[in-house]
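# Descriptive analysis of the structure
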Amino acid sequence: MATIYEKWHAGADSAYSPDPHLTESESGIEKPTGVFEDSPIEEVRAAVMPSDDTNLPSVTVRSVVLGLAFTLALSFINQFFWFRAQPLTVGILVVQLVSFPIGKFLARVLPDKRVGFGRFTFSLNPGDFSVKEHVLLTIMANSAATTAMGIDIIVIQRLYFKLDLKWGGGFLLVISSQILGYSFAGLLRRFLVTPSSMVWPVNLVNSTLFNTLHGRKPPAAEDSGDNDADANAADGRQPFWKRMTRGRFFVLVFACSFVYYWLPGYIFPLLVSISWICWTNKKSVTVSQIGSGLHGLGIGSFALDWNTVVSFLPTPLSIPVWAHLNMLAGFVTFIWILVPAFYWTNTYNAQLFPIYNTKLYDNLGNRYNTSRVMVEGKNILDKAAYDKYSPVFQTVFFALCYGQGLATLGAIISHTILYHGRDIVKRFKDARSGEDDIHARLMRAYKEVPDWWYAALFVVAFALAMVTITCFPTDMPWWSLILALALAIAFTLPLGLIMAITSQTPSISMIAEWVMGAILPGRPVANLMFKNFSTVICQQALGLTQDLKLGHYMKIPPRELFIFQIVGTLIAGIINLATTNYLFDHIKDVCTDAAYPWTCPNASIWGAGSIIWGVVGPKEYFSSKSVYHSVPFFLLIGFLIPIPVYLIYRWRPQSWIRYVHIPVFMLGPGPYPPAPTSELPTWVAIGVVFNGVIKRYHAKWWRKFNYVLSAGLDSGVAIAALVIFFALQNQDTKFPAWWGNPAEGPVDQCPLATVAIKGANAYHG
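### Describing the overall build of the chain
What the chain contains, in helices and strands, is 29 helices and four strands. If you take every contact in the chain between residues at least 6 apart in sequence, the share linking residues at least 24 apart comes to 80%. Element-wise, carbon and sulfur atoms account for 63% of the exposed surface of the chain, whose accessible area totals about 30,400 Å².

### Quick look at the state of the cysteines
Across all of its chains, the model carries one disulfide by this definition. A disulfide bridge connects Cys-278 with Cys-750, and the sulfur atoms are separated by 2.0 Å. Handedness here is read from the sign of the S-S torsion; for Cys-278 and Cys-750, about 100 degrees, the answer is right-handed. With Cys-278 in the loop between helix H11 (246-267) and helix H12 (285-291) and Cys-750 in the segment after helix H29 (699-727), this pair connects stretches of sequence that are 472 residues apart. By relative accessible area, Cys-750 is classed as buried at 1%.

### Some remarks on a nonpolar patch on the surface
Nonpolar side chains collect at one region of the surface, where Ile-413, Ile-417, Phe-633, Leu-636, Ile-637, Phe-639, Leu-640, Ile-641, Ile-643 and Leu-647 lie side by side and expose about 870 Å² of accessible area between them. Structurally, Leu-647 can be placed in helix H26 (residues 642-651). Residue classification places Leu-647 among the exposed positions, given a relative accessible area of 54%.

### A few points about the side chain of Gln-289
Secondary-structure assignment places Gln-289 in helix H12. In contact with Gln-289, other than residues within four places in its own chain, are Gly-296, Leu-297, Tyr-343, Trp-344, Ile-355, Ala-753, Val-755 and Ile-757.

### Re the packing of aromatic side chains
Two aromatic rings, taken as a pair, are described by how far apart their centres are and by the angle between their planes. The tally for this structure, following the rule as stated, stands at 37 aromatic pairs. Both rings, one in Trp-613 and one in Phe-622, keep their centres 5.5 Å apart while their planes meet at 65 degrees; by these two values the pair is edge-to-face. Comparing Trp-613 with Phe-622, the two get one shared label, buried. Their ring planes at 20 degrees and their centres at 5.1 Å tell us that Tyr-621 and Tyr-628 sit as a pair that is stacked. The exposure class of Tyr-628 is buried, given its relative accessible area of 0%. Across the ring face of Trp-651, the terminal group of Arg-652 is positioned such that the distance to the ring centre comes to 5.6 Å. One cation-aromatic arrangement involves Lys-695 over Trp-702; the distance from NZ or CZ to the ring centre is 4.9 Å.

### Some details on the side chain of Glu-133
With respect to the secondary-structure elements, Glu-133 resides in helix H5 (residues 131-142). Exposure remark for Glu-133: the relative accessible area of 0% places this residue in the buried category. Other than its neighbours up to four places away in sequence, Glu-133 contacts Pro-57, Ser-58, Thr-60, Arg-62, Ser-63 and Asp-128.

### Quick word on the confidence of the model for the chain
When the pLDDT values of the chain are averaged, the result is 82; 88% of them are 70 or greater. Contacts for the low-pLDDT stretch residues 1-18, under 50 throughout, to residues beyond four places or in other chains number 77 contacts. The low-confidence segment residues 223-235, where pLDDT is below 50, has 21 contacts with residues more than four positions distant or belonging to other chains.

### Brief notes about the pattern of salt bridges
For the structure on display, the rule yields eleven salt bridges. For Asp-52, the salt bridge is made with Lys-132, and the minimal N-O distance between the two is 2.9 Å. Separated by 80 residues along the polypeptide, Asp-52 in the loop between helix H2 (42-47) and helix H3 (61-82) and Lys-132 in helix H5 bring together distant segments of the chain.

### Thoughts on helix H6 (residues 149-161)
Residues three or four positions apart in an α-helix share a direction because the helix packs 3.6 residues into each turn. The terminal C-alpha atoms of H6 lie 18 Å apart, and with 13 residues this matches the ideal 18 Å at 1.5 Å per residue to within 8%. Of all 13 residues that make up H6, eleven are buried, and the element is covered over most of its length. Along H6, the residues that are buried comprise Met-149, Gly-150, Ile-151, Asp-152, Ile-153, Ile-154, Val-155, Ile-156, Gln-157, Arg-158 and Phe-161. Elements in contact with the buried residues of H6: H3, helix H7 (166-192), helix H21 (524-554), helix H22 (558-586) and helix H23 (602-616). A positive backbone phi angle near 55 degrees is found at Lys-162, which sits one or two residues after H6.

### Brief notes about the environment of Pro-751
Its place among the elements puts Pro-751 in the segment after H29. Expressed as a C-alpha distance, the spacing of Pro-751 and Lys-283, which sit 468 residues apart in the sequence, is 8.0 Å.

### Regarding the packing of H5 against H21
Between H5 and H21, the shortest axis-to-axis distance is 11 Å and the interhelical angle comes to 175 degrees. When the interaxial angle is binned, H5 and H21 end up roughly antiparallel. Contacts between H5 and H21 pair Val-131, Lys-132, Val-135, Ile-139 and Asn-142 from the former with Asp-547, Leu-550 and Met-554 from the latter. When its residues are assigned to classes, the contact of H5 with H21 shows five nonpolar, one polar and two charged.

### Quick look at the packing of H3 against H5
One way to put it is that H3 packs onto H5 with a least axis distance of 8 Å and a crossing angle of 25 degrees. When the axis of H3 is compared with that of H5, the two are roughly parallel. Read as a crossing pair, H3 and H5 show a hand that is right-handed. Of the residues in H5, those in contact with Arg-62, Ser-63, Leu-66, Gly-67, Leu-68, Phe-70, Thr-71 and Leu-74 of H3 are Glu-133, Leu-137, Met-140 and Ala-141. Among the residues making up the contact of H3 with H5, the classes are represented as seven nonpolar, three polar and two charged.

### Re the environment of Gly-614
With respect to the helices, strands and loops of the structure, Gly-614 is situated in helix H23. On the accessibility criterion, Gly-614 (0% relative accessible area) is buried. A C-alpha to C-alpha distance of 5.5 Å links Gly-614 and Gly-522, two positions 92 residues apart in sequence. Excluding residues within four positions of it along the chain, Gly-614 makes contact with Pro-521, Gly-522, Arg-523, Pro-524, Asn-527 and Gly-609.

### Remarks on unusual backbone geometry
For Asn-349, which is not glycine, the phi dihedral falls at a positive 55 degrees. Examined against the element boundaries, Asn-349 turns out to sit in the loop between helix H14 (321-344) and strand S3 (360-361). You can call Asn-349 partly exposed: its relative accessible area is 28%. For Gln-749, which is not glycine, the phi dihedral falls at a positive 60 degrees. Among the structural elements, Gln-749 can be located in the segment after H29.

Criteria and thresholds
- For every chain, the first residue of the written sequence is number 1, and numbering continues from 1 onward in sequence order.
- At least 70 in pLDDT is required for a residue's local features to be given in this predicted model, at least 80 for side-chain atom pairs to be given and counted, and no such filter applies to totals for whole chains, interfaces and linings, which use all residues.
- As a rule here, side-chain values cover all heavy atoms of the structure and leave hydrogens and water aside.
- Helix numbers and strand numbers start at the N terminus; a helix is a DSSP run of H or I with at least 4 residues, a strand a run of E with at least 2.
- We call two residues contacting when some pair of their heavy atoms lies within 4.5 Å.
- Methods summary: accessible areas were calculated by the Shrake-Rupley approach with a probe of 1.4 Å, and residue burial reflects only the protein chains presented.
- When two cysteine sulfur atoms are found within 2.5 Å, that pair is recorded as a disulfide.
- Only protein chains enter the accessibility calculation, which uses a 1.4 Å probe; a residue whose area is less than 20% of its type maximum is buried, one above 50% is exposed, and one in between is partly exposed.
- Put simply, a patch holds well-exposed residues, over 30% relative accessible area, that have no salt bridge, with like charges counted together within 9 Å and Val, Leu, Ile, Met, Phe, Trp or Tyr side chains within 5 Å.
- We define a salt bridge as a contact between a side-chain nitrogen of Lys or Arg and a carboxyl oxygen of Asp or Glu at a distance within 4 Å.
- Whether two aromatic rings pair depends on their centres lying within 6.5 Å, for rings of Phe, Tyr and Trp, where Trp uses its six-membered ring; planes under 30 degrees apart make the pair stacked, over 60 edge-to-face, and the rest tilted.
- Definition used: whenever NZ (Lys) or CZ (Arg) falls within 6 Å of the ring centre and also within 35 degrees of the ring normal, the charge is taken to sit over that ring.
- For every residue, the predictor states its confidence as a pLDDT score lying anywhere from 0 to 100.
- A helix is expected to span 1.5 Å multiplied by its residue count minus one.
- Each axis is a line fitted through C-alpha atoms, taken for helices only over the stretch in contact, and angles between the N-to-C directions span 0 to 180 degrees.
- Angles below 35 degrees are treated as roughly parallel, those above 145 as roughly antiparallel, those between 65 and 115 as roughly perpendicular, and all remaining angles as oblique.
- Each residue gets one of three labels, nonpolar for Ala, Val, Leu, Ile, Met, Phe, Trp, Tyr, Cys and Pro, charged for Asp, Glu, Lys and Arg, and polar for the others, Gly among them.
- Crossings are sorted by hand: turned counterclockwise from the far helix by less than a right angle, the near helix makes the crossing left-handed, and turned clockwise it makes it right-handed.

Okay, structure coming up:
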């Protein structure tokens, strides 16, 4: 089912490129032959072991203690620094790396002694620290790697609407919204976990790192050279890369990445976005808007910083070339064609405002004063005051961001129906339709999570959510929770199909805001709550499904994985909430400019959304009098575009049209704003080089080292960022100012990218 994630080229002498829309049975791809059976997907063969040892321990004292410790640490650190102007996020790769030597150490020092009583006895040290223990504790900690979205709702309620849910309401909001999503994962297993074509690319990098640390090597990654390499070894010596093991290569890349990140991360931050066009005329607003990779269109800009490349996108080394090219086409269409066309024709009164940010403005170009349009003492719109003051305006970039989001949702709906509708219906009728690959058959050795576990989880979480919205000041009617669930159910599977292919997930937050704003206009708190429940359900369902796929690759017993994930989520939610309350109680004016660096940058986007969709509402925002009345048509356009593409594909299935994937095309401009526009062109270039050129002409090197390279780069950056922050930046120790590290102004040296052509913020220099 869904897009087959196969090799871009079958080899240097083959012109075959599989159709990304076909299922495995339709594609005609033959499984690899030989003495062992393996996955039909080359990327999976290069990263995942096609075997299992059912005797390896998984739930042990080590995995439980380390899992809990890292969950506590990550949930506190990531939430604590989430409120800073430059947030620091400790990623899951850090857990993979740091927990490994600790696990090995515990395996040496813990006594081999059984404790407990009766059936509940266990060994303190069942032997060597196993890869299954490592995976389980990492998945538990992964639940804390991203802060709970409910925390953002609590922050916005405090900042914008002076509401405090207290400990009880905050706890119920965070836990119920997080857990509800997990109950949906049971429905997704048959569609997004079992089929081999559902690859989940980011899991391949994680799997590679696990295997590398534990000295395991997939058969497809065994040492063997290319023909040209063998010819060059006529003197009897092997090429350097053939002598290099995956473990040594990882250490080498990690060390280089760690050392190099000190340049963009501390000494030479200009490398984050090399916007050379700006340097040709720093006194021109237009030049800065065109060239800035941080605050403008980023034309010609690029990044020499791995952290920038992967900050809002998955690693480019795990994404197929056809997806890179689709996303690049979407990026160019929206960011480099539509945005400047709209801006320089003054569509949406665009020239009154900067070209790129997420702030709101009035009709003179000043920042929008929300207090002037609210009923005093109530969180509802004063229509008369709104008409007297000014409509809400936003940058053209932000407006087209909404349009792109609507177009993406429309394209996902029609694409899923056209390309995958028949197979989805088949799998609903038969959960085991299609032939299982080697990994699915190996997983039969373990008991699956029964459906009633998911059902029980749903009932408990739904009850907690209902208590939250009815007993605390959420302004959300009880029936709207059911509507939020229905919206999440409708979109979770289509979004999962996209995520399983590209590791990118469009959010339904915009459509959720629109739906609630249309039903209950002028009630921003209810809009925020509705958005939280519908969006988080999708996010958490897909998050658990991604972990289920990682467990599928690493042969983790599903029931143990399920329990670890739920426990980690509960602990992370409590720590997130406690950390947030601590910061609000101990930092004066937190989340304002007066409390720098505790300015809560994410609050800007959430706050803008709550005003547009909650206070003003889509009826007013999209009215015939509004300059943004045409934005909803993006939803229809996105829905219609896949139809002619599909018809052409059915007519000429072997033509280049088979590589056109409209939902992935729409993902190109997805992370903008707040992502820097210098990111995606660099990301695509790296992906094409490694997954196109190197994979085709040096396939054996690619199979052996590609994912190890990605893991090493990620890990080196993560550790270096921690060292730089705690050793230097947290002590306010700054590197001396120089050309590559300017003391004032944006680091990309595009000083006029943030001003407007007209209005209150116009540049007149």
